[in-house]
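One-letter residues, chain by chain:
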Amino acid sequence: MRMRPIPASQLVSGRRGLAGALALMVVGLCPTHDARAALQIEITSGVRDPVPIAIVPFARAVAADGGLDVAEVVQHDLEGSGRFRALPRERMPATPTRADEIAPAVWKGTGSDYVVVGRVTAIDNGQLAVDFDLLNTLTGARLAAQRFVGAASAVRNAAHRVSDVIYQKILGVRGAFATRIAYVAADGSPPAQRYQLIVSDADGANQHLVLESRFPLMSPSWSPDGQWLAYVSFETKHSGVYVQLVRSGERRQVSARAGVNGAPEWSPDGRKLALTLGGGGGNPDIYILDLASQELTRLTDDPAIDTEPVWAPDGHSLYFTSDRAGSAQIYRIAAQSGAHPTRITFGGSYNARPRVSPDGSQLAMVTLDNGAYRIAVQDLASGTARVLSHGRLDESPSFAPNGATLIYSERDGERGVLATVSTDGLTGLRLKAPQGEVREPAWGPFSP
Amino acid sequence: MTEEASMRRVMIVLLVAASVALGACAAKRPAAAPPAAPAANEAVQGSGAGSANAAAGADEEAAGPQAGLLATHLVYFDFDSSEIKGTGTDVVAAHAKFLGGHADTRVRLEGHTDERGSREYNIGLGERRAQAVRRALLLQGAADAQISTVSYGEERPAVPGHDEAAWAKNRRVEIVYLAQPLPPK
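Rules used in this analysis
- Residues numbered from 1 in each chain as written.
- Chains lettered and ligands numbered in written order.
- Predicted model: local features only at pLDDT ≥ 70, side-chain atom pairs only at ≥ 80, totals over all residues.
- Helix = DSSP H or I, 4+ residues; strand = E, 2+ residues; numbered from the N terminus.
- Buried ≥ 20, exposed ≤ 12 C-beta atoms within 10 Å, placed from the backbone.
- Pairing = 2+ DSSP bridges.
- Axes fitted to C-alpha atoms, helices over the stretch in contact; angles between N-to-C directions.
- Parallel < 35°, antiparallel > 145°, perpendicular 65-115°, else oblique.
- Left-handed = near helix turned anticlockwise from the far one by under 90°.
- Contact = placed C-beta atoms within 7 Å.
- Nonpolar A, V, L, I, M, F, W, Y, C, P; charged D, E, K, R; others polar.
- Core = buried A, V, L, I, M, F, W, Y, C linked by C-beta atoms within 7 Å.
- Domains from an automatic or database assignment.
- Expected span 1.5 Å × (residues − 1).

Peer 1: What should I look at first to understand the overall build of chain A in this one?
Peer 2: In terms of regular secondary structure, chain A is built from five helices and 32 strands. Counting over 448 residues, chain A shows a buried share of 54%.

Right, dumping it as structure tokens:
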């Protein structure tokens, strides 16, 4: 459950203000996150001229908000994007909490182009309201004024939604801060290994343990509605594909056939999984599993390794990895079986693990670049590819739902960590677990 | 629709959403969630922050034979290759002969890769290695019913490390003897 935005237009007219008050009843993230140490963020690169913005500490009328510093979360989100630079609090000339308390010229004088003010207030039924205003300091114009309402546990989500609105108003691209990621954490060495499937906010905070196993967990994939994860588990000492409701933990096995059961990817309509099956003969091919009917359709039939299927956003075709031409390359095939696959990648000796951008125009992949495995993005219309990462063992790229950023895993010394890079290559950050390694990040969809 | 009516509709939507939210919270973490639907195979139960450590009794491991070449349960491979080579050929031949003479003995072939390349591709490569060993065992006297395969790809390295020395030890098939014999025919 997430906080529901109430547009500024509803707040200013008296009658619609009532709608805002009624919305107090809605929402609230259930307090489910484990008290596990959050991933630590390290910003690795940013744009040359980030947007200067002042995010003033929000007024807090109550202790019921758990002490969360909303402005700090917003600041972390915006600075983490690499496109904003926040004014340090000690340089703030005042601490307004409402738009009408802001003297634009004073804030312009601090070098800030924008100023954000807000407040957290208690309303009925133990709910909290998070209000904020975004002002242009040059014109004094109010660019956004919005209220998010929910339980105290949902204040962090509200803060991410504030960040989303600011990002969109200033950069013209929908923010993806109020989204979640799933990833695999691994710790220990054989036979005491421990694998965990974890869901957290996109900034690594608010972690929720989905599943834990002594045997490998792999390849998490979000359902389009953000309710389910599909993944691979070896808990039976054999590979199996499972789907699990993130909220309740309810799960079921959808494939544990002889040989490989791997690489599940949800179809855009949420009704099917593309997956890799090896069969008794052991040769991996791509199949489509209808989740309701359990009906299985074979998509490829080749002695090569065919794996890592992913759907184009329109659901009409899939991309996958195959070594049918001697080395791993990416191919496209129509979702209707029988069609001949078309090779998509030609640059270099190794291109694998494709993911398609939300608008269908770009393919992210792992590419072998001067002896190092790196993340590249290929423009599907022109065929031009750009390498975006700089590690030696980078893998598992996943697009943010706004298409502006990729999350992937890389090696930092002995440890696997998560990293992000903007698709223009200009900004990036790293997310490290306090111990053990984290890998295979999958960026979830926008929440409603 | 009048604004009044539209207002009422907003209220209803909000109330429904609120009750759904409350219901969802109450239903959090059931002690043991039932399988949602008939699964293709045996369903595995999970719970909220479930653990997946089902020990499959039929797959318990045994030490297996240890005499001579049979003491070696590992077959190594070159990068991106599933060709059995060098001493690996002799090791596989020895196990094939043993299995041929012990028709109720079962092995599980576990294919592994080094960490380079994508994870699911490596699952495919590990399976290809396990299948190469399986075929060699079958050609030299073992029976199909004695052999199962699994590929762990790069997920369970034998040794840590990120250099060629570590990678060479991780590109392997492990011949794992199982405790439970095949039922007599």
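Having put the structure on the table, let's press on.
Peer 1: I tried to follow the sheet that holds strand E15 (residues 251-255) of chain A on my own but got confused; where do I start?
Peer 2: All names here are of chain A. A sheet is described by the order of its strands in space; here four strands give the open sequence E12-E13-E14-E15, paired in antiparallel fashion. Of all strands in the sheet, those with a lone pairing partner are strand E12 (217-222) and E15, marking the two edges. Pairs of neighbouring strands in the sheet enclose a mean axial angle of 25°, with direction left out of account. Relative to strand E13 (residues 228-233), E12 runs antiparallel, the two being bridged by four bridges. Looking at E13, one finds that Met218 is bridged to Val232.

Peer 1: What am I meant to see in the packing of helix H2 (residues 87-101) of chain B against helix H3 (residues 119-139) of chain B here?
Peer 2: Axis angle and axis distance: for two packed helices, these are the angle between their axes and the distance between the axes, and together they describe the pair. Residue and element names in this part refer to chain B. Put simply, H2 and H3 touch, their axes get as near as 8 Å, and they point 55° apart. Comparing their axes, H3 and H2 come out oblique. Note on packing geometry: the crossing formed by H2 with H3 is right-handed. Contacts between H2 and H3 involve Val92, His95, Ala96 and Leu99 from the former and Val133, Ala136 and Leu137 from the latter. Here the residues of the contact of H2 with H3 sort into six nonpolar, one polar and no charged.

Peer 1: What should I look at first to understand the nonpolar core in this one?
Peer 2: The tendency in soluble globular proteins is for nonpolar side chains to be buried side by side. Residues and elements named next belong to chain A. Counting 88 residues, the largest nonpolar core has Ala182 and Ala230 as its most contacted members. Apart from the residues within four sequence positions on either side, Ala230 is in contact with Ser221, Val241, Tyr242, Val243, Pro264, Trp266 and Leu273. The next biggest cluster of nonpolar side chains, apart from the first, holds 39 residues, and it includes Ala54, Phe84, Ala86 and Val115.

Peer 1: Looking at this structure, I do not really get the domain arrangement of chain A. What am I missing?
Peer 2: Where interface size is quoted, it is often the accessible area lost as the parts come together. Residues and elements named next belong to chain A. On domain assignment, one finds that chain A holds domain 1 (4-171) and domain 2 (180-443). Contacts between the two partners involve 23 residues from domain 1, matched on the other side by 20 residues from domain 2. Those elements that place two or more of their residues in the side of domain 1 that touches domain 2 are strand E2 (40-45), helix H3 (70-80) and helix H5 (155-171). With six residues, the single largest contributor to the side of domain 1 that touches domain 2 is E2. Of the residues in the side of domain 1 that touches domain 2, the class split is six nonpolar, 11 polar and six charged.

Peer 1: Sorry if this is basic, but what is going on with the environment of A:Val417 here?
Peer 2: All names here are of chain A. Along the chain, Val417 turns up in strand E30 (residues 415-422). The spatial distance from the C-alpha of Val417 to the C-alpha of Leu431 is 6.1 Å, given a sequence separation of 14 residues. Excluding residues that lie within four positions of it along the chain, Val417 makes contacts with Ser409, Glu410, Asp412, Arg430, Leu431, Lys432 and Val438.

Peer 1: Even after reading the chapter, I still don't get the environment of A:Ala433, so can you show me in this structure?
Peer 2: All names here are of chain A. Summarising the element assignment, Ala433 is placed in the loop between strand E31 (428-432) and strand E32 (437-443). Sequence-wise, Ala433 and Val173 are 260 residues apart; in three dimensions their C-alpha atoms are separated by 29 Å. Not counting the four nearest positions on each side in its chain, Ala433 is found in contact with Leu39, Ala185 and Val438.

Peer 1: Before we go on, may I ask you to explain H3(B) in this structure?
Peer 2: Since the α-helix turns once every 3.6 residues, residues separated by three or four places project in the same direction. Residue and element names in this part refer to chain B. Between the first and last C-alpha of H3 there are 30 Å, a value that for 21 residues agrees with the 30 Å anticipated at 1.5 Å per step. The buried fraction of H3 is high, at 17 of 21 residues. Just beyond H3, the residue with positive phi is Gly141, at close to 120°.

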